[in-house]
Amino acid sequence: MTDKVLFEVTEDNLETGLRGVPVGFCTTSFVDPQKGLFYRGKAVSELTNHSPEEVIYLLLYGKVASEQELQEFSQQLKSRGHCSQAVIRHIESLPRQGHPMKLFTEALLILGMLESQEDYQEDCLNLIAKIPHVAAAVINYHAGWGDTPAPNSNLGYMANFTEMLRVPEADKTALQEALTLFNLLHYDHGGGNLSAFVSKAVASGLEDIYGAVAAGMCALEGPRHGKANQDCLEFVKEVIDDLGEDASVDDVEGFIRKRLENGELIFGFGHAVLRAEDARATILYELCHKKFTDHPLAKMALLLREAGPKVLKENPKISNPYPNVDAISGATLSAAGFPYPEYYTVLFGLSRIVGISTQIVYERCFARSGKGTPIVRPKYIYKPA
Ligand code: MLT
């Protein structure tokens, strides 16, 4: 370690959500403002043809798995992937009112209470393996879609999740493709996104991984973070309600201008770190271009991609006028046969738990030559009211 100055904190940096202030190391991923997300140094666009097991292995162990390693790892995920009946029974006795993220967070606490090994590395692997079963049980129960089948050990990670999800009348092939892509793109987003930061802070007090990640899922539930994908889809629907399904790009441009004049929000544009179109969004736009141009939501999201930056760029105060992943993820899921926005944040959580748990293992077991990071305890400056 050196005492090199990385950042000088001034009063202007206070009460800005720690924007740009370094607070630690992240070994799993980083976000380049122009090029977007990299997992262990690899651009996400290079990873979309890989299986979830391959990408999870890369994130967990920092290297590409050999064929044998991949086989053993996939087997590990399968053998650890069942939650006990007791966990599922408790999930299915939770209240169904409110947002499904509340049930998802509760489910993580229940899983920890009943199945924690009190070992960050073991629990990390168990959690990643079991979370598809948990998420499927939460969604099926909340939606009233019936009992969740047990994981099928002949299926891969996301094929299994798609199979356990009892979505009515879905074309499972299209659905699995979209769910897998969504899952791969949301595993991690650097160290400082709110859910990762909160989870690591809670784990720094030596809470187990289940409680720490549950805290992170409360953070993810907020509309400024993981619930943004649901709100963005509502926005796309609003544009269609106002302009109709056959609107032109000029109509959409006019709609955005009118909303801005009225001081209303335009959802799905901008990001705390990115200064170009989100690489994750680009990948989903490509899928929509290829497969879903006839679907009204995908079509409108593509028009918003064209019109949004054009209008937003005119305002010099807007540092990033480009779409982020939330601008297109909901429309993609809907077009692929999952038109249930209230579950999109659960799908985000299902995925993000991979990166967060891996980051927690680094901070608890490897940082500072294995000592782990100390309890998070920033300084607040006293300001008499
Ligand atoms: C994320 O994927 O976590 C979001 O883009 C938010 C962020 O990076 O801060």
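As the structure is a computational prediction, the values presented were derived from the model and not from experiment. (Residues numbered from 1 in each chain as written. Predicted model: local features only at pLDDT ≥ 70, side-chain atom pairs only at ≥ 80, totals over all residues. Heavy atoms only, no water.)

## Focus on the packing of helix 5 (residues 120-143) against helix 9 (residues 209-221)
Applied cut-off: Here the axes come from fitting lines to C-alpha atoms, over the contacting stretch only for helices, and the angles between their N-to-C directions go from 0 to 180 degrees. For the purposes of this entry, the term helix denotes a DSSP run of H or I that reaches at least four residues, the term strand denotes a run of E that reaches at least two, and both are numbered from the N terminus. For classification purposes, an angle smaller than 35 degrees is called roughly parallel, one larger than 145 roughly antiparallel, one from 65 to 115 roughly perpendicular, and anything else oblique. Here, residues are in contact when the closest pair of their heavy atoms is within 4.5 Å. Residues are grouped as follows: nonpolar covers Ala, Val, Leu, Ile, Met, Phe, Trp, Tyr, Cys and Pro; charged covers Asp, Glu, Lys and Arg; every other residue, Gly included, is treated as polar.
At a minimum axis distance of 10 Å, the contact between helix 5 and helix 9 shows a crossing angle of 55°. The pairing of helix 5 with helix 9 is recorded here as oblique in orientation. On the side of helix 5, the interface is formed by Tyr120, Asp123, Cys124, Asn126 and Leu127, while helix 9 contributes Ile209, Tyr210 and Val213. Classifying every residue of the contact of helix 5 with helix 9 by side-chain character gives six nonpolar, one polar and one charged.

## Considerations on the domain arrangement of the protein
Keep this limit in mind: A domain assignment, automatic or from a database, supplies the domain bounds used here. A quick way to say it: buried area is the sum, across both parts, of accessible area lost when two parts are put together, with a 1.4 Å probe. The salt bridge criterion pairs a side-chain nitrogen of Lys or Arg with a carboxyl oxygen of Asp or Glu, the two atoms within 4 Å. Pairs of N or O atoms are called polar contacts if they sit within 3.5 Å, as long as, within protein, a hydrogen donor faces a hydrogen acceptor (for residues adjacent in sequence, only side-chain-to-side-chain pairs).
Segmenting the protein into domains produces domain 1 (37-224 + 340-366) and domain 2 (228-335). Computed over C-alpha atoms, the centres of domain 1 and domain 2 are 27 Å apart. Listed by partner, the interface residues are 22 residues for domain 1 and 20 residues for domain 2. Here domain 1 packs against domain 2, burying approximately 1800 Å² in sum over the two surfaces, 67% of which is carbon and sulfur. Taken together, the connections running from domain 1 to domain 2 amount to one salt bridge. Between glutamate 177 and lysine 291 there is a salt bridge, with its nearest N and O atoms 2.8 Å apart. Applying the counting rule to domain 1 against domain 2 returns six residue pairs in polar contact (both at pLDDT 80 or more).

## Focus: helix 4 (residues 100-115)
As a reminder of what qualifies: In a helix, the anticipated span is given by 1.5 Å times the number of residues less one. Buried means the residue's accessible area, taken with a 1.4 Å probe over protein chains only, is under 20% of the maximum for its type, while exposed means over 50%, and partly exposed covers the values in between.
Between its terminal C-alpha atoms helix 4 stretches 22 Å, which fits the 22 Å expected from 16 residues at 1.5 Å a residue. Within the sequence span of helix 4, burial applies to Pro100, Met101, Leu103, Phe104, Thr105, Ala107, Leu108, Ile110, Leu111, Gly112 and Glu115. Turning to helix 4, the residues buried within the fold contact helix 3 (85-91), helix 5, helix 9 and helix 15 (344-366).

## Details of empty space enclosed by the protein
Counted only if it meets this: Both site types are read off a 1 Å grid over the protein atoms alone. A 1.4 Å probe that fits but cannot get out defines a cavity, while an open set with protein on both sides within 12 Å along at least five of seven lines defines a pocket; lining residues have an atom within 4 Å of a point. Grid points are joined across faces, edges and corners, and a volume is the space filled by probe spheres set on the points.
Counting across every chain of the model gives two cavities of 30 Å³ or more. In this structure, the largest cavity occupies an estimated 150 Å³ of space. If you trace the largest cavity, you find 17 residues lining it, with Leu77, Lys78, Gly81, Ala129 and Asn160 closest to the centre. Every element with two or more residues in the lining of the largest cavity is listed here: helix 2 (67-80), helix 5 and helix 6 (157-164). Residue composition of the lining of the largest cavity, by class: seven nonpolar, eight polar and two charged. The calculated volume of the second largest cavity comes to roughly 50 Å³. Cys232, Phe235, Val236, Phe267, Phe269, Tyr285, Ala301, Leu304 and Ala327 are the residues that line the second largest cavity. The leading source of residues in the lining of the second largest cavity is helix 10 (residues 228-243), at three residues. Its residues assigned to classes, the lining of the second largest cavity comprises nine nonpolar, no polar and no charged.

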